[in-house]
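Listed below, chain by chain, are the residues.
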Amino acid sequence: KGDDNRYYETIDGKTSDITDEIPFDLPDGWAWSRIYSIAFVTKLAGFEYTNYIAANLATEGVPLFKGKNIQGDKIIYDFESFIPYEISNELPRSQVNKKCILLPYVGTLGNVGIHKKEGIFHLGSNVGKIELTCNEYAKILQEEFVVLYLTSSFGFKGLVREKKATAQDSISIQAIRNVCIPIPPIKEQKRIIEHIESWRECMDCIDADAADLEKSITLAKQKILDLAIRGKLVPQDPTDEPASELLKKIKAEKDALVKAGKIKKDKQESFIFKSDDNCYHENIDGKTADIADEIPFDLPDGWEWCRMISIGQTNIGLTYKPADITDNGTIVLRSNNIQEGKLDLADTVRVSCEISPSLQLNETDILICARNGSKALVGKCTLIPSKTETLSFGAFMAVFRSKQNPWVYNILNSGYFRDYLFYSNSTQICQLTQDMLKRFIIPLPPLAEQKRIVSQVEKLFFVLETMRG
């Protein structure tokens, strides 16, 4: 470091300013060095690979390290490439000794680990090794400290400083040799390593506790919803108007809308009731059928079972053409716009084509993922909040509209609905068809109790979310 507070490097009598390569100033007693000044950095030589390994890869023998064997700062001893033992003696440059530092120089850059096993191992393709040198007294650098630095943000920037623009990210072995690394006194290195290891143990415990907490929160939410849909979360009030009366009012409203031409009449109007034989039956167009096997549990007094279509309307999404996509049209929501039960507009598609009013989303509509490559994502949903512009929804999405949507939303997030999806689908395809949504049987409480339950669920979920921190 010069008197001008800048960093310089002298090579063969020539001095140059390298301040732009030095990421930070060091404490007293520390020094900056190039890796090649304190270590041997090598890779599998091209002629060795061509003449020996390429023609002699085996299914067993001497293990060859590949890039996938270095993950994060760990070495994974799960090998898929080998060479015969007799050939290994002819590859001295590529032999990996205990305490070698290994790192890929093609592909996943930034992974760096220490090889700690005894035995015969060799480098495979695209993996380099760093072997620290010793002076006449002692080693001046600990391998663990080198890994700590190279896996830090500063070390990574040094590694990829001369990254090549190729099909896969890559750096040269010379680029690794040229990385600048800070060197503390050896005793301080050991203290740093010990402190980092103790903190890592604490972080591992925290991560494990966090995973347990996350699992517990998920289970608690499912238990709350299970109690809610069974009528066990809040006490019943015998003065509440029963759900049977609510269903009559909903039917009258739907009949009026059908008469006004605003909605189509449901072709299979359903009425579910419990008969004198204590079994559940369903009447559709004058025909009655026993549906006891579809009813999962009994309900409190004042509640009713009904098909989803009995209390609302559903629709499937817009299929748009690539030519319709524009920068300034109507937002068309897709599966990725539902994140953890919330509407996420970070990544949206807009289309220029005219959107039918039936495909425009209204406040409190439930938007549902109806089909996805991942089974776990089918059925995820969100309540549409108040909005400032027109929103529509794309193919493989469905919408459900009713005045009971805050209650229905909780049902769609319950294990009861997940089970319905699972048993209604084959193993090859997982989807929620419009007919499945219409035919889904839900428990319906009195309207006043719906509001009490929804409020209690929100309060309990809020408490659980605060536990996440």
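Before reading further, recall that the structure is shown in the block above.
Along each chain, numbering runs from 1 in the same order as the chain's sequence is written. With pLDDT at 70 or above as the cut-off, local features in this predicted model cover only qualifying residues; side-chain atom pairs require 80 or more to be listed or tallied, and sums for whole chains, interfaces and linings still use all residues. Based on all heavy atoms of the structure, the side-chain values leave hydrogens and waters out of the count.

Enquirer: Explain the overall build of the protein here, please?
Expert: Secondary structure is summarised from DSSP: a helix means a run of H or I of at least four residues, a strand means a run of E of at least two, and numbering begins at the N terminus for each. Tallying secondary structure elements over the protein gives eleven helices and 28 strands in all. Note on method: radius of gyration uses C-alpha positions; expected globular size equals 2.2 Å times residues raised to 0.38. For 469 residues, the compact-globule estimate of 2.2 N^0.38 gives 23 Å, and the C-alpha radius of gyration of the protein, at 33 Å, exceeds that figure by more than 25%. Overall, the protein is about 100 × 55 × 50 Å in size when its C-alpha atoms are taken along their principal axes. Under the scheme applied here, a residue whose accessible area is under 20% of the maximum for its type counts as buried, over 50% as exposed, and between as partly exposed, the area being computed with a 1.4 Å probe on protein chains only. Of all 469 residues assigned to the protein, the portion counted as buried reaches 41%.

Enquirer: Honestly, a negative patch on the surface in this entry has me stumped. Any pointers?
Expert: Where like charges cluster on the molecular surface, the negative patch consists of Asp276, Asp277, Asp290 and Asp293. Mapped onto the elements, aspartate 277 comes out in the loop between strand 14 (270-274) and strand 15 (280-284). Patch membership requires more than 30% relative accessible area and the absence of a salt bridge. Residues of like charge join within 9 Å; the nonpolar side chains Val, Leu, Ile, Met, Phe, Trp and Tyr join within 5 Å. Per-residue and other accessible areas were derived by the Shrake-Rupley procedure at a 1.4 Å probe size, with only the shown protein chains allowed to occlude residues. Definition used for salt bridges: Asp or Glu carboxyl oxygen within 4 Å of a side-chain nitrogen of Lys or Arg. Charged residues are defined here as Lys and Arg on the positive side and Asp and Glu on the negative side; His and the ends of the chain fall outside this count. Charge placement uses NZ in Lys and CZ in Arg. For Asp and Glu, CG and CD serve respectively.

Enquirer: Explain the packing of aromatic side chains to me, please; I cannot follow it from the model alone.
Expert: The geometry of an aromatic ring pair is captured by the separation of the ring centres together with the interplanar angle, meaning the angle of the planes. Stacked, edge-to-face and tilted are the three classes for Phe, Tyr and Trp ring pairs, Trp counted by its six-membered ring, which pair at centre distances within 6.5 Å; planes under 30 degrees apart are stacked, over 60 edge-to-face, the rest tilted. Under the defined criterion, the tally for this structure stands at 20 aromatic pairs. Note on tryptophan 303 and tryptophan 407: the rings are 5.8 Å apart at their centroids and 85° apart in plane angle, and the pair reads as edge-to-face. Remark: tryptophan 407 occurs in helix 8 (residues 405-412) and tryptophan 303 occurs in the loop between strand 16 (287-290) and strand 17 (304-307); sequence separation between them is 104 residues. One residue, lysine 117, lies across the ring of tyrosine 77, its end atom 4.4 Å from the ring centre. By definition, being over a ring means that NZ of Lys or CZ of Arg is both within 6 Å of the ring centre and within 35 degrees of the ring normal. Lying over the aromatic face of phenylalanine 461, lysine 221 brings its terminal NZ or CZ to 5.0 Å of the ring centre.

Enquirer: What's the story with the pattern of salt bridges in this structure? I'm lost.
Expert: It is possible for side chains bearing opposite charge to pair when their charged atoms get close. Applying the stated criterion to the full structure yields 31 salt bridges. The salt bridge partner of aspartate 240 is arginine 452, with a shortest N-O separation of 2.8 Å. Remark: arginine 452 occurs in helix 11 (residues 447-466) and aspartate 240 occurs in the loop between helix 6 (186-229) and helix 7 (243-259); sequence separation between them is 212 residues. Among the residues examined, aspartate 240 registers a relative accessible area of 14% and is labelled buried.

Enquirer: Teacher, can you tell me more about the packing of helix 6 against helix 11 here?
Expert: When two helices pack together, their arrangement is captured by the angle between the axes and the distance separating the axes. Angular values range over 0 to 180 degrees, each being the angle between N-to-C directions of two axes fitted as lines to C-alpha atoms, with helices fitted over their stretch in contact. With their axes 11 Å apart at the nearest point, helix 6 and helix 11 run at an angle of 170° to one another. Between helix 6 and helix 11, the interaxial angle falls into the category roughly antiparallel. Counted together, Ile217, Ala220, Lys221, Ile224, Leu225 and Ala228 of helix 6 and Ile453, Val457, Leu460, Phe461, Leu464 and Glu465 of helix 11 form the full contact between these two elements. Three categories are distinguished: nonpolar for Ala, Val, Leu, Ile, Met, Phe, Trp, Tyr, Cys and Pro, charged for Asp, Glu, Lys and Arg, and polar for the others, with Gly belonging to the last. In terms of residue class, the contact of helix 6 with helix 11 is built from ten nonpolar, no polar and two charged. Put simply, angles under 35 degrees are roughly parallel, angles over 145 are roughly antiparallel, angles from 65 to 115 are roughly perpendicular, and the rest are oblique. The contact criterion used is simple: two residues touch if any of their non-hydrogen atoms lie within 4.5 Å.

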